[in-house]
Structures are given as C-alpha cells and as structure tokens.
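Letter by letter, the chains look like this.
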Amino acid sequence: EAERRCDVALGAYAWCGRLDAGGRPVEFAVASLDLDALQKALLEARLPGSSLVFLVDRRGTVVAANPGSAVLIGRSLSATPLVRTILSRDEGFMEADGPDGVMRLIAYSVVPGSGGALRLAIGLDRDEVYAGVNLRRSRNLLVFCLGLLGAVITAYFAGNRLLLSRLRVLAHAANRISLGDLG
C-alpha cells in the first residue's frame, strides 16, 4: 500500500511522492516555487489596504504574504490559534485575531495541487467589513426613532384636538349644571 506525501521547503521547492509501506519512495516529483511570483501576485491583488493575505506550509511557516504583512515571511505561526485551525482543516471561515492582533474575518483553503502542503488565508478587518452594515443599521434606527417621535407628537395633538376638546366642553357643561345653570 503506497502513501502519498507532499511537503514544501521554505523558498526553495515542493515535493510530492508516493511511499511504499516501508517508507521508501515509489514515485517522486520536485517542483521549484517562485516566491517572487507569489509576492508579485499578492501585490497585484485588489484587496482593501488593511487586508491580510498569507501562505503557510504544513509546519505553519509563512511562505508568502501581502506587502503589509511581509514581516511575517519566514516566521513560524504554528503556535497561534489561527494557524493551528488553518492547518487542522482543508478549508473554512472564521473570525479570529490575525498575527497583527487585528480582529479579522478569515477564509482559508488548501492550495490546489499542493497535496495539503500549502494553505492560503485571506483576512479582512472585521470593523471595516461591518462598517457599512453598522452605518445602515444606525441610520435605520434613527429613522425609526424619528418616525416614532412623529407618531407620538401626532397622537398627542390629534388626541388633544379630537378627544380632550370634547371632554373640556363636557366638563364645562357639567360644571354649569352643578352650579344650577340648567339653561
């Protein structure tokens, strides 16, 4: 029974192979990784400026990252909850603190053809993502409150005009009758 394994060495190559039951290679392929091309692609990606994009190998080492996160390249993030989660599943979505400490909405996936050796993660600042929704919610709440205030004022004046004015006439008549004015 042969086992398929792939791995990536930082900045140099990726290899995939099939090993027999004794752990000896049956098939073996090596491909070089062009990290400069990866960095260029990340530069050209049209993502918001505060986005976080990084590629990690199976050991949790950052292989490539967008320019704002370039300081992460070569660092192992395997001890962080974010990268532990990314390495434990093939793909997913989560809300977590990024390596920069900013709360982010992060989508991640295994890079196709890497045999699980590379995983791409893209994170957007949570506050920026929800800013439009929060603005609309606040605006809708303000419009609702203004509408409610208008309804209360309308009810006050309508009630005063339609009900209280008639009650005043009735009270005035009752007062006259109590004073003996029956005419």
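Residues numbered from 1 in each chain as written. Predicted model: local features only at pLDDT ≥ 70, side-chain atom pairs only at ≥ 80, totals over all residues. Heavy atoms only, no water.

Participant: Honestly, the sheet that holds strand β6 (residues 91–97) in this entry has me stumped. Any pointers?
Facilitator: Within a sheet, each strand pairs with its neighbour through backbone hydrogen bonds, oriented either parallel or antiparallel. Taken together, five strands build an open sheet; the order of strands is β5-β4-β8-β7-β6 and the sheet is antiparallel. Strand pairing shows two members of the sheet lacking a second neighbour, β5 (62–65) and β6, which therefore form its edges. Strand-to-strand twist of the sheet, defined as the mean angle between neighbouring strand axes without regard to direction, takes the value 25°. Contacts from helix α2 (residues 81–88) reach β4 (52–57), β6, β7 (103–110) and β8 (118–125), with the element oriented near 60° to β4. Of the strands in this sheet, β6, β7 and β8 touch helix α3 (residues 126–178), which is tilted by about 50° from β8. (Pairing = 2+ DSSP bridges. Helix = DSSP H or I, 4+ residues; strand = E, 2+ residues; numbered from the N terminus. Axes fitted to C-alpha atoms, helices over the stretch in contact; angles between N-to-C directions. Contact = heavy atoms within 4.5 Å.)

Participant: When you look at α3 in this model, what are you seeing that I'm missing?
Facilitator: Because the α-helix completes a turn every 3.6 residues, residues three or four places apart line up on one side. End to end, α3 covers 72 Å across 53 residues, agreeing with the expected 78 Å (1.5 Å per residue, within 8%). Here α3 starts with a cap whose side-chain oxygen sits 2.8 Å from the backbone nitrogen of Asp-127, and that cap is Asp-125. Taken from the residues just after α3, Gly-180 is the one with a positive phi, measuring 95°. (Expected span 1.5 Å × (residues − 1). Polar contact = N/O pair within 3.5 Å; in protein donor to acceptor, adjacent residues only side chain to side chain.)

Participant: Is there a simple way to think about the nonpolar core in this case?
Facilitator: Here is a general trend for soluble globular proteins: nonpolar side chains tend to be buried in one another's company. Formed by 15 residues in total, the largest nonpolar core has its most connected members in Phe-54, Val-62, Leu-82, Ile-86, Met-94, Ile-106 and Ala-121. If you list the elements that add at least two residues to this core, you get β4, β5, α2, β6 and β7. Setting aside its immediate chain neighbours within four residues, Leu-82 contacts Phe-54, Met-94, Ala-96, Asp-97, Gly-98, Pro-99 and Ile-106. (Core = buried A, V, L, I, M, F, W, Y, C linked by side-chain atoms within 4.5 Å. Buried < 20%, exposed > 50% of the residue type's maximum accessible area, 1.4 Å probe, protein only.)

Participant: How should the pairing of β5 be read in this particular structure?
Facilitator: A regular strand carries its side chains on alternate faces of the sheet. Sheet topology note: the β4/β5 ladder contains three bridges and is antiparallel. Each residue of the ladder has a partner; that of Val-56, found in β5, is Val-62. As consecutive antiparallel partners, β4 and β5 are separated by four residues, and within that stretch Gly-60 has a phi angle of approximately 85°, a positive value.

Participant: Would you explain a nonpolar patch on the surface in this entry?
Facilitator: A cluster of nonpolar residues, Leu-142, Leu-146, Leu-149, Ile-153, Tyr-156 and Phe-157, forms a patch on the protein surface that exposes about 650 Å² of accessible area. Here Tyr-156 is to be found in helix α3. (Patch = residues over 30% accessible without salt bridge, like charges linked within 9 Å, V, L, I, M, F, W, Y side chains within 5 Å. Areas by Shrake-Rupley, 256 points an atom, 1.4 Å probe, with all protein chains shown as cover. Salt bridge = Lys/Arg side-chain N within 4 Å of Asp/Glu carboxyl O.)

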